Amino acid sequence: MKHFKSIITLVILTITFTSCSTDDEINDVNTTLIVGEWEITSLENNTTLDLTVEGQTATSTSYGTGSNFNYTITFNDDSSLIANGSYDYTVTSSTNGSEITQTTSFEDINTTGNWSVNGDQMSFTGFITFQTDNQIISDDINPGTSTITVLNETTLVLTTDLGNSEISGFPEGVDYNFEGESIVILTRVN
């Protein structure tokens, strides 16, 4: 169960930083407003996962929120980024009428990578390492894009359409459909 929990946790983190958005409306963003140090002050995910195995379908919906944030992201003017810190993530999932709530602590999160902006789309690539349930997990952050829905001197809001996310780790013969949205709110530190 702990291994499964770690896989789900990695999927959630990876989706948060790597999901694709298909928003057709493109607005120009002043990237100089992005450069600097930001702290995450809010993280919310709403998802629906339909799994089909040997003709049987199960649907799981979940709502997750972050708390106890001590997590900063620095966007450098050379398009590199560094993020580190910790936070707790509580998710309530319902699968075929059965509900469960879990809180996972993400500690010693260290991310290095790159960022870019095209219109209102912010893309990320890089590498992430973190500790959860006394396990150290490392993974590449696959190229992904979020929509900048708010950007000013003090606030950056990134909204990610999770519907185009690819999830790895399912055994052969498992079909899935994954939909959802992630909203991350960052507040400027300096």
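Residues numbered from 1 in each chain as written. Predicted model: local features only at pLDDT ≥ 70, side-chain atom pairs only at ≥ 80, totals over all residues. Heavy atoms only, no water.

S.K.: For this particular structure, what's the right way to read the sheet that holds strand β2 (residues 56-75)?
M.R.: Two pairing modes exist for strands in a sheet, parallel and antiparallel, and in both the strands are linked by backbone hydrogen bonds. Spatially, β1-β2-β3-β4-β5-β6-β7-β8 is the arrangement adopted by the eight strands of the closed barrel, whose pairing is antiparallel. Taking each pair of neighbouring strands and ignoring which way they run, the sheet shows an average axis angle of 30 degrees. Note: β2 against strand β3 (residues 80-95), 14 bridges, orientation antiparallel. In the strand pairing of β3, Phe75 is matched with Leu81. (Pairing = 2+ DSSP bridges. Helix = DSSP H or I, 4+ residues; strand = E, 2+ residues; numbered from the N terminus. Axes fitted to C-alpha atoms, helices over the stretch in contact; angles between N-to-C directions.)

S.K.: Please explain the nonpolar core as it appears in this structure.
M.R.: The tendency in soluble globular proteins is for nonpolar side chains to be buried side by side. With 27 residues, the main nonpolar core has Phe75, Met122 and Leu186 as its most contacted residues. In terms of residue count, β3 provides more of this core than any other element does, five residues in total. Not counting residues within four places of it along the chain, the set of residues in contact with Phe75 comprises Ile34, Val35, Gly36, Trp38, Ser80, Leu81, Trp115, Met122, Phe124 and Leu156. (Core = buried A, V, L, I, M, F, W, Y, C linked by side-chain atoms within 4.5 Å. Buried < 20%, exposed > 50% of the residue type's maximum accessible area, 1.4 Å probe, protein only. Contact = heavy atoms within 4.5 Å.)

S.K.: I keep staring at the packing of aromatic side chains and nothing clicks. Help me out?
M.R.: Any aromatic ring pair is given by two values, namely how distant the centres are and how the planes are angled relative to each other. For the coordinates displayed, the defined rule picks out five aromatic pairs. Aromatic side chains Phe69 and Tyr87 sit 5.6 Å apart centroid to centroid with 35 degrees between the ring planes, which places their arrangement in the tilted category. With a gap of 18 residues between them, Phe69 in strand β2 and Tyr87 in strand β3 connect regions that are remote in the sequence. When the centroid spacing of 5.7 Å and the interplanar angle of 85 degrees are considered together, the rings of Tyr71 and Tyr87 count as edge-to-face. Note that Tyr71 is positioned in strand β2 and Tyr87 in strand β3, a separation of 16 residues in sequence. Since its relative accessible area comes to 5%, Tyr87 is described here as buried. (Phe/Tyr/Trp six-rings, centres within 6.5 Å; stacked < 30°, edge-to-face > 60°.)

S.K.: Teacher, can you tell me more about the pairing of strand β4 (residues 98-118) here?
M.R.: Along a regular strand, successive side chains alternate from one face of the sheet to the other. Across 15 bridges, β3 lies against β4 in antiparallel orientation. In the strand pairing of β4, Asn84 is matched with Asn110. In this antiparallel pair of consecutive strands, β3 and β4, the connection spans two residues, and Asn96 shows a positive phi of 45 degrees. Taken together, the ten bridges between β4 and strand β5 (residues 121-132) define a ladder with antiparallel strand orientation. Bridging from a neighbouring strand, Gly113 pairs with Gly126 of β5. Where β4 folds back on β5, the antiparallel hairpin that results is connected by two residues, among which Gly119 adopts a positive phi of roughly 70 degrees.

S.K.: Whenever I open this one, the confidence of the model for the chain confuses me. Can you help?
M.R.: Atom-level detail of predicted coordinates should not be read off regions where pLDDT is low. Of the residues in the chain, 82% have a pLDDT of 70 or more, and the chain-wide mean is 83. Ranking the helices and strands of the chain by mean pLDDT puts strand β7 (residues 155-161) first, with 95, and helix α1 (residues 2-18) last, with 45. When the criterion is pLDDT under 50, residues 1-11 qualifies, and its contacts beyond four places in sequence or with other chains add up to 14 contacts. Contacts from residues 13-26, a stretch scored under 50 in pLDDT, to residues over four places away or in other chains number 46 contacts. (pLDDT = per-residue confidence, 0-100.)

S.K.: Sorry, what's going on with unusual backbone geometry here?
M.R.: Leaving glycine out, the prevailing phi sign among residues is negative, and the prevailing peptide bond configuration is trans. With a phi angle near 75 degrees, Ser79 is a residue other than glycine that sits in the positive phi range. Here the phi dihedral of Asp108 falls at roughly 50 degrees; this positive angle occurs in a residue that is not glycine. Within the element layout of this structure, Asp108 appears in strand β4.

S.K.: How should the side chain of Ser42 be read in this particular structure?
M.R.: Structurally, Ser42 is set in strand β1 (residues 36-53). With relative accessibility at 18%, the residue Ser42 sits in the buried group. Setting aside residues no more than four positions away along its own chain, Ser42 makes contact with Phe69, Ile183, Val184 and Ile185.

S.K.: Is there a simple way to explain the pairing of strand β8 (residues 174-188) in this structure?
M.R.: Looking at chain direction, β1 and β8 are connected through 15 bridges and run antiparallel. Looking at the pairing, Ser42 lines up with Ile185 of β8. Looking at chain direction, β7 and β8 are connected through seven bridges and run antiparallel. Bridge pairing in β8 links Leu156 to Leu186.

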